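Residue-level structure breakdown
If you want the building blocks of each chain, they are given just below.
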Amino acid sequence: MAHFAKVAELSARHPKADGASFEYGTAGFRTLGDTLESTVFRVGLLAALRSQSKQGKTIGVMITASHNPECDNGVKLVDPMGEMLQQSWEAHCTRIANAASADELVAALAAVVEAEGIDVSVQARVVYARDTRPSGPLLQAALEDGLAALGAEATSYGVVTTPQLHYFVRCLNTAGTPAAYGEPTEAGYRAKYTGAFLRLVDGRPLPAPLHIDAANGVGGPEVRKLAAAAASPYLRIELHNDDTQTPGRLNKDCGADYVKSNQRAPAGLDLEPGARYCSFDGDADRIVYYYVDEHRSFHLLDGDKISTLVATYLRDLVAAAGIEDLQVGVVQTAYANGSSTSYIKDTLRLPTVFAKTGVKHLHHEAEKMPIGVYFEANGHGTVLFNSAAVDKLRHAAPQSPAQEDAIRRLWALRDLINESVGDAMSDMLLVEAILICKGWTPAQWDAAYTDLPSRLLKVVVHDRTQFKTTNAEQTLTAPPRLQDAIDTLVAKFPRGRAFVRPSGTEDAVRVYAEAATRADCDQLAYSVAGTVFDKAGGRGDRPAEFI
Ligand code: NG1
Ligand code: ZN
C-alpha cells in the first residue's frame, strides 16, 4: 500500500530485537526502557491508524512506566474521550509490536486497515507526552518517526502527568461541542481544577498545609505549578521527594505504590502527629493519603478510603439537593479491603460491584451507574457522572437556598473531577475539598471503618498464562484443583479471604489475603503463596514464611 511507503525506511532506524516479544496489557506496553524503541515507533503508527479509524479525532500517546522502576518504560494509547484504548485494538497493538520484519510490519498494518475499514486518506491527529524517565527522550524520537511515517499531525505536550495528557485529548475532541471539557493546555488544566476547588472551599476554615511525596516524578513540578496557579491559602503544600534530576530516584522507596505495598511512610518524610500526607506515583495518576496518630502509629488512607469518602459526600449532597433517583454507586476490585465493601453495603447502603483489575474495567462498570465512584485500592480512580445524571442536575429545581447550594456544589465537584481517568492532582483537590468542607482531620476521615489486615505477595512461576480466573478474578478455574486447596486454607481463618490471579503487568502471579488479625492474615497469605508455588510450577525461592 502506497500509504505505508515510508514505514519500512523509518522502521529500519528502530529495529526490533530478534526474539523480543511484547504484549499490550493493562498498562499498555511496559518493560525495560531500553528494549522498547521498536515498540514505541510502532505505537506511533498505531496511533495514526487509530485516529484515522475515528475520522481524524485526536488520539493520545503517553510514554511512562508509572510506579515501576526508573529503568522501565512503557507506552499506551489514549482514546478520543480521554479514556483507555478500546480493548478490541489491544490485539492489533500486540500483533504490530511483534512483527518480525519491515515486510511483516507493513502486512500487519494493512491487516488492521482492512479489519477496521480505515480510510487512510483521513488526516491523523496525535498528541503525546512523556514522564521524567531518562529513556523518555529517545523513545519520544522513535514515536515521532512512527507518526511521521504515516503523515500524522503530531503535537508534543512535553513532560506532563498521564492524566494531564488524557485531559488534553478529551478537551481537543470536545472543543466547540456541548461536552466541551476545557482548554487543552497546562494552564487550562490548572485553571479548571483549581477554580472548581476554590468554589467548593470558599468561606470554610483554612486547613493545615498538605505534605506531598511526589515519588521524584513528574507530579512534583506539576503540583508545584498547580499550587502556584491556585495562589490560595486553601492549597498550601509542602513538597517532598520532588527530585526529578538525580538518576535513580524516581519511585525509589517512595511514591504511592511503595507506601501502599509496604504500609509505611516513604523515605525522606518524618511523619508528625496531626499532619496530613499524601503520595503520588511516578506519573501522578495514583494517590494515597496517610498520617500518624499520637503514638506515631502509621495509618494508610488508600483508594478504598478515598472512594468511601467521596461516595459519602456525593450521596449526602444529592440528598441535600433534593434530587430524586440520582443513585451514587461504587466500583471496586477484589483488592478492595473487605471492611470497605461491608461499609459501603451495610452502612452507606450504596450499590457496589466488583470489576476486574485495571482501571479500564472499573471505568466501564462506573459508566453504567448514574454517578459511579471507582477506585482501585492502590489509589487509582475517579468519578463519572453519566448523561442522565447531568440532565437531572441541569433540570433540578431547588426549593430552598440549601438545595440551591447543594446543586452548586455538585456542579463544582463535577468540574473538580477528571472524568477521563484517575488523576492524583484532581483526586487530591477532591479529597482536600471534602476534608475542608467537613472540617475533618485524616483521623476523623479514617474513623468510618477499620481495615482488615491484608497482605499482597508475588509468586514467580514458570508459566503464569496457565492461571485462569472467573468471578471478577477471585476464583481460579485453572490450574485444576488449586482453587479447592485455597478454599480449604481460607476456611481456617476468621474473616479470611484470599485469591490468586496472574499479573497483567509483571511476569508473576499475585496472592492477596486478608483476615481478622495480622498474624492470621500473614499466615494465610504465605500458605496460599506456598501452595501456588508447590502446585503450579513455582520458580526461584519458595515464598518465605512470615517473620
Ligand atoms: P497487575 O500487575 O495486573 O496486578 C497492577 C495493579 C493494578 C493496576 C495495574 C496498572 C495491583 C494489585 N495491581 O496490575 O491495580 O494499577 O497494575 O498499573 O495493584
Ligand atoms: Zn501511574
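Not measured: the values here are computed from a predicted model.

Ser 66 (OG), Asp 281 (OD), Asp 283 (OD) and Asp 285 (OD) make up the full set of protein donors to the zinc ion (ligand 2), lying at 2.0 to 2.1 Å. Considering all four donor atoms around the zinc ion (ligand 2), the spread of angles at the metal, 88 to 169 degrees, places the coordination shape in the irregular class. Sequence positions of the residues that donate to the zinc ion (ligand 2) give the spacing S-x214-D-x1-D-x1-D. Placement of the pair is Ser 66 in the loop between β2 (58–63) and β3 (72–78) and Asp 283 in the loop between β8 (276–280) and β9 (287–292), with a sequence separation of 217 residues.

A word on the UniProt feature "domain: Alpha-D-phosphohexomutase alpha/beta/alpha" (unreviewed entry) in the protein. The sites that UniProt annotates as "domain: Alpha-D-phosphohexomutase alpha/beta/alpha" (unreviewed entry) are residues 99–176. End C-alpha atoms of residues 99–176 are separated by 40 Å, and the span's content is 54% helix alongside 17% strand.

A few words now on the UniProt feature "binding site: Mg(2+)" (unreviewed entry) in the protein. Under the UniProt annotation, "binding site: Mg(2+)" (unreviewed entry) lies at Ser 66, Asp 281, Asp 283 and Asp 285. Spanning 220 residues, the named residues nonetheless gather at one spot, since no C-alpha pair among them exceeds 8.0 Å. You can see Asp 281 is positioned in the loop between β8 and β9. Sequence-distant contacts of Asp 281, defined by excluding residues within four places in its chain, comprise Ser 66, His 67, Ala 214, Ala 215, Asn 251, Ala 256 and Arg 286. Side-chain polar atoms of Asp 281 contact the side chain of Ser 66, separated by 2.8 Å. For Asp 285, the location among the structural elements is in the loop between β8 and β9. When residues no more than four places from it in sequence are discounted, the contact partners of Asp 285 are Ser 66, Lys 76, Thr 162, Pro 163, Gly 379, His 380, Gly 422, Asp 423 and Ala 424.

What follows covers the sheet that holds strand β18 (residues 497–502). The strand order across the open sheet formed by three strands is β15-β19-β18, and the pairing between neighbours is antiparallel. Single-partner strands in this sheet number two, and they are β15 (454–459) and β18. Across this sheet, the average inter-strand angle for adjacent strands is 15 degrees, counted without regard to direction. Pairing between β15 and strand β19 (residues 509–514): six bridges, direction antiparallel. In the strand pairing of β19, Leu 456 is matched with Tyr 512.

In the vicinity of ligand 1, the contacting residues are His 67, Arg 286, Tyr 335, Thr 357, Glu 376, Asn 378, Leu 456, Arg 501, Ser 503, Gly 504, Thr 505 and Arg 510. Side-chain polar atom of Arg 286 to an oxygen atom of ligand 1: 3.0 Å apart, as the coordinates give it. A distance of 2.8 Å separates an oxygen atom of ligand 1 from a polar atom in the side chain of Glu 376. When ligand 1 sits alone it has 430 Å² of accessible area, and the protein chains cover 90% of it. Lining the shell around ligand 1 are residues from two domains, each supplying at least three of them: domain 3 (303–417) and domain 4 (454–535).

So, about the packing of aromatic side chains. Applying the stated criterion across every chain yields a total of 14 aromatic pairs. Ring centres 5.6 Å apart and planes at 85 degrees place the aromatic pair Tyr 335 and Tyr 512 in the edge-to-face group. Taken as a pair, Tyr 335 in the loop between β11 (328–333) and α11 (338–347) and Tyr 512 in strand β19 lie far apart in primary sequence, 177 residues in all. Residues Tyr 335 and Tyr 512 agree in their burial class; the two are buried. An aromatic cluster is present here, built from Tyr 157, Tyr 167, Phe 168, Tyr 181, Tyr 189 and Tyr 193 joined pairwise through their rings. Residue placement shows Arg 170 over the ring face of Tyr 181; its charged tip is 4.6 Å from the ring centre. Above the face of the Trp 440 ring, Lys 438 is positioned so that its terminal group lies 4.7 Å from the ring centre.

Reading the values: rules and limits
Residues numbered from 1 in each chain as written. Chains lettered and ligands numbered in written order. Predicted model: local features only at pLDDT ≥ 70, side-chain atom pairs only at ≥ 80, totals over all residues. Heavy atoms only, no water. Donors = N, O, S within 2.8 Å, 3.2 Å for Na, K, Ca; no water. Tetrahedral: all angles 85-135°; square planar, octahedral: opposite > 155°, others 65-115°. Helix = DSSP H or I, 4+ residues; strand = E, 2+ residues; numbered from the N terminus. UniProt positions renumbered as here; feature names shortened; annotations may be inferred. Contact = heavy atoms within 4.5 Å. Polar contact = N/O pair within 3.5 Å; in protein donor to acceptor, adjacent residues only side chain to side chain. Pairing = 2+ DSSP bridges. Axes fitted to C-alpha atoms, helices over the stretch in contact; angles between N-to-C directions. Near = heavy atom within 4 Å. Areas by Shrake-Rupley, 256 points an atom, 1.4 Å probe, with all protein chains shown as cover. Domains from an automatic or database assignment. Phe/Tyr/Trp six-rings, centres within 6.5 Å; stacked < 30°, edge-to-face > 60°. Buried < 20%, exposed > 50% of the residue type's maximum accessible area, 1.4 Å probe, protein only. Lys NZ or Arg CZ within 6 Å of the ring centre and 35° of its normal.

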